Amino acid sequence: MQEKIIILDFGSQYTQLIARRVREINVYCEIHPYHSIPEMDESVKGVILSGSPYSVRDEKSPKPNLDQIKGKMPLLGVCFGAQYLAHNYGGEVKASNTREYGRANLGFIDKDNELMTGVPDDSQVWMSHGDTIVNLPDSYKIIASTADVNVAAYKIEGETTYAMQFHPEVYHSTDGATILHNFIVSICGCSQDWTPSSFVESTVDSLKKKLGDDKVVLGLSGGVDSTVAGVLLHKAIGDNLTCIFVDNGLLRKNEYDNVLDSYKHMGLNVIGVDAKKAFLDELAGVSDPETKRKIIGRVFIETFDAEASKINGVKWLGQGTIYPDVIESVSVNGPSATIKSHHNVGGLPDDMELKVVEPLNLLFKDEVRRVGKAMGISPSLLGRHPFPGPGLAIRILGDITQEKVDILQEVDHIFIQGLKDNDLYDEVWQAGVMLLPVNSVGVMGDERTYEKVVALRAVSSTDGMTADWVHLPYEFLAKVSNDIINKVKGVNRVVYDISSKPPATIEWE
Ligand code: XMP
């Protein structure tokens, strides 16, 4: 039985970060919304209560029933969780009148307390709350304080219940990892057996049982998730897995051939489909970004279906869905309006009646990479920048023609290859080039030119939700700009995008 930690989510922006920290200790954990607490069977070694945008003093604030948990197993309250365990059991929480956001230091630490073992004097912690705990019930004992916050952390005597006002999961809490380690390993007694290779072993076993001799079809995109999903499924069922990789004509230069080649080297049974013409024909004359996306989504499904229906007796559709997508669809507030439906493959016709198998739906993105590495997938495939499904179509502003695709592929190739040659590729989370729908005047030799403008974009990010532009060296930008204008016919001006997200987005369309 896979032992686990349950994280009850009250809607904090940091909940996923808690889960990632727990996983980094090689312990499996699951996030559940506070209003649907799962059964606390023997596999559950402990529970963590997350933070929340709510105040415990709000009438509408979450009020979960913790009878099956508190006092019965290790429990850790973080921020809102700490306030809830105080407020609801006889303590007092008030709006605070001092600033309790940002850095603070633990001036007092109870060194004898098992949660605080190894945390040095004055350890820096990260606070983010508008309420403060002013009174604790009698059995509650303070185990850490800051200058402004007396109850920075406490323990309930006679129970393995602990709580802290600060966020141990954020990077700025310098000893947060030690505190979480103390809770999860020493107090919950977890055995730290959730490793990439144990994941591969147990997933391959369960895929074998689940799929038996059934056939599975999977769409590969060249991206990390679909590749790792493909290799896992292949390990489990071998050639009963058929992969389909579609060339929509909107990939990077040489991408289709290179990626298809590496898939074949990995032993995957993969069908490459050249559908360039179908995509470009349907996109002709279309400028609206959402319409472009819809057309690409539709033609992809049509192309994929046509190939998939050629496989006799296929029963399952494999998908590279990862854990954040799963959490999103069952989150505290229900699926959010911003869910990226366009990021998913879409559906197959009902008459195929395929069941869905998602071998990565328990993993965060960084874990997918580690699992990929454990299975020997090449670092160059695993370290690839994210690339949008609609590809260059949403980087060619305005309508799409083969000529524009050709120009953008060349420009993009010079930029990306330049990043690689200068050891900058891995410093950047995502990079690409936009082909703008404007011409500008230039001069080459004795002649005036009137040609295209391209915008280079390189961002740092962790998940694409927020991003900042990367301060690439001027010398590098100068060289790339020069190369592009000299080598790519039709482009006479290069600009660099220095907008962060928000308020801009990463893609221009
Ligand atoms: P934005 O432009 O919203 O992009 O800041 C965030 C991340 O999502 C990618 N992206 C897409 N991926 N289909 C995809 O598969 C799309 O339609 C799409 N639009 C944006 C973008 O490349 C970035 O990584």
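As the structure is a prediction and not an experimental result, all values here were calculated from the model. (Residues numbered from 1 in each chain as written. Predicted model: local features only at pLDDT ≥ 70, side-chain atom pairs only at ≥ 80, totals over all residues. Heavy atoms only, no water.)

Our focus in this paragraph is the packing of aromatic side chains. How two aromatic rings sit relative to each other is set out by the distance from centre to centre and by the angle between their planes. Applying the stated rule across the entire model yields 14 aromatic pairs. Centroid distance phenylalanine 245 to tyrosine 263: 5.9 Å. Interplanar angle 90°. Geometry classified as edge-to-face. Remark: tyrosine 263 occurs in helix H6 (residues 255-265) and phenylalanine 245 occurs in strand E14 (residues 241-247); sequence separation between them is 18 residues. Pairing tryptophan 469 with tyrosine 496 gives two aromatic rings, centres 6.1 Å apart and planes at 75°, and the pair type is edge-to-face. Of this pair, tryptophan 469 sits in strand E20 (residues 468-469) while tyrosine 496 sits in strand E21 (residues 491-496), and the two are 27 residues apart along the sequence. Under the relative-accessibility criterion, tyrosine 496 is labelled buried at 18%. Three or more aromatic residues joined by ring pairs make a cluster, and in this case those are Phe10, Tyr34, Phe80 and Tyr84. The ring of tyrosine 89 has lysine 70 sitting right over it, with the charged end atom 4.4 Å from the ring centre. (Phe/Tyr/Trp six-rings, centres within 6.5 Å; stacked < 30°, edge-to-face > 60°. Helix = DSSP H or I, 4+ residues; strand = E, 2+ residues; numbered from the N terminus. Buried < 20%, exposed > 50% of the residue type's maximum accessible area, 1.4 Å probe, protein only. Lys NZ or Arg CZ within 6 Å of the ring centre and 35° of its normal.)

What follows covers the pattern of salt bridges. Counted according to the given criterion, the structure contains 26 salt bridges. Residue arginine 21 pairs with glutamate 24 through a salt bridge whose shortest N-O separation is 3.0 Å. Linking arginine 21 with glutamate 24, this pair stays in helix H1 (residues 15-24), spanning three residues, or about one helical turn. The shortest N-O distance in the salt bridge between arginine 23 and glutamate 367 comes to 2.6 Å. Here the residue arginine 23 occupies a position in helix H1, and glutamate 367 occupies one in helix H10 (residues 365-374), the gap between them amounting to 344 residues. Judged by its relative accessible area of 1%, arginine 23 falls in the buried class. When salt bridges with common partners are traced through the structure, they connect Asp247, Asp274 and Lys276 into a single cluster. (Salt bridge = Lys/Arg side-chain N within 4 Å of Asp/Glu carboxyl O.)

Neighbouring the ligand are 14 residues, the closest being Arg293, Gln430, Lys501, Ile506 and Glu507. Within the side chain of glutamine 430, an N or O atom sits 2.8 Å from an oxygen atom of the ligand. Backbone polar atom of isoleucine 506 to an oxygen atom of the ligand: 2.8 Å apart, as the coordinates give it. Against a free-state accessible area of 490 Å², the protein chains account for coverage of 86% of the ligand. Looking at the shell around the ligand residue by residue, the classes come out as five nonpolar, six polar and three charged. (Near = heavy atom within 4 Å. Polar contact = N/O pair within 3.5 Å; in protein donor to acceptor, adjacent residues only side chain to side chain. Areas by Shrake-Rupley, 256 points an atom, 1.4 Å probe, with all protein chains shown as cover. Nonpolar A, V, L, I, M, F, W, Y, C, P; charged D, E, K, R; others polar.)

What follows deals with the pairing of strand E1 (residues 4-9). With six of its six residues buried, E1 lies for the most part within the structure. Neither face of E1 is open: one carries Lys4, Ile6 and Leu8, the other Ile5, Ile7 and Asp9, and all of them are buried. Pairing analysis gives five bridges linking E1 to strand E3 (residues 44-49), with the strands arranged parallel. Looking at E3, one finds that isoleucine 7 is bridged to isoleucine 48. Note: E1 against strand E2 (residues 29-33), five bridges, orientation parallel. Directly across from isoleucine 7, in E2, lies its bridge partner isoleucine 31. For the crossover that starts at E1, traverses H1 and ends in the parallel E2, the hand is right-handed. (Pairing = 2+ DSSP bridges. Right-handed = clockwise from strand over helix to strand, strands pointing away.)

With respect to the helices and strands, lysine 209 occurs in helix H4 (residues 196-211). Exposure remark for lysine 209: the relative accessible area of 73% places this residue in the exposed category. Put simply, lysine 209 and serine 481 are 272 residues apart on the chain and 55 Å apart in space, counted from C-alpha to C-alpha.

Axis separation between H4 and helix H5 (residues 224-237) bottoms out at 8 Å; the angle between their running directions is 60°. Comparing their axes, H5 and H4 come out oblique. Judged by the sense of rotation from one axis to the other, the crossing of H4 with H5 is right-handed. Contacts between H4 and H5 pair Phe199, Val200, Thr203, Val204, Leu207, Lys208 and Leu211 from the former with Leu232, Leu233, Lys235, Ala236 and Ile237 from the latter. The class makeup of the residues in the contact of H4 with H5 is nine nonpolar, one polar and two charged. (Axes fitted to C-alpha atoms, helices over the stretch in contact; angles between N-to-C directions. Parallel < 35°, antiparallel > 145°, perpendicular 65-115°, else oblique. Left-handed = near helix turned anticlockwise from the far one by under 90°. Contact = heavy atoms within 4.5 Å.)

Once that is clear, we can look at a negative patch on the surface. The grouping of Asp421, Asp423, Asp426 and Glu427 at the surface amounts to a negative patch. Note that aspartate 423 resides in the loop between helix H12 (402-421) and strand E18 (430-444). Residue aspartate 423 is classed as exposed on the basis of its relative accessible area, which comes to 66%. (Patch = residues over 30% accessible without salt bridge, like charges linked within 9 Å, V, L, I, M, F, W, Y side chains within 5 Å. Lys, Arg positive; Asp, Glu negative; His and termini not counted. Charge placed at Lys NZ, Arg CZ, Asp CG, Glu CD.)

Moving on: the nonpolar core. In this structure, Val217, Phe415, Leu419, Leu456, Leu472 and Ile484 are the most contacted members of the largest nonpolar core, which totals 51 residues. Structurally, this core is a two-domain feature, drawing no fewer than three residues from each of domain 2 (196-382) and domain 3 (401-496). Leaving out residues up to four positions away in the same chain, leucine 456 has contacts with Phe415, Gly432, Val433, Leu477, Val480, Ile484, Val494, Val495, Tyr496 and Asp497. Residues Leu76, Leu115, Met116 and Met164 belong to the second largest nonpolar core, which totals 40 residues. (Core = buried A, V, L, I, M, F, W, Y, C linked by side-chain atoms within 4.5 Å. Domains from an automatic or database assignment.)

What follows concerns the sheet that holds strand E4 (residues 75-78). Read across the sheet, eight strands follow the order E2-E1-E3-E4-E12-E11-E10-E7 without closing on themselves; strand pairing throughout is mixed. The two strands at the open ends of the sheet, each matched to only one other strand, are E2 and strand E7 (108-109). Across the sheet, H1 touches E1, E2 and E3, and the angle it forms with E2 is around 160°.

Right, let's get into the sheet that holds strand E17 (residues 355-357). As a general point, the strands of a sheet are linked pairwise by backbone hydrogen bonds and lie either parallel or antiparallel. Spatially, the five strands line up as an open sheet ordered E15-E14-E13-E16-E17, and their pairing is parallel. In this open sheet, the two strands that pair with only one neighbour each are strand E15 (270-274) and E17. Shown here is a sheet whose adjacent strand axes are inclined to one another by a mean of 30°, direction ignored. Two elements, E14 and E15, share five bridges in a ladder whose sense is parallel. Along E15, the bridge assignment pairs valine 246 with valine 273. Strands in contact with H5 are strand E13 (215-220), E14, strand E16 (314-318) and E17; relative to E13, the strand with the most contacts, it is inclined by about 160°. Of the strands in this sheet, E13, E14, E15 and E16 are in contact with helix H8 (residues 289-308), which crosses E14 at around 145°.

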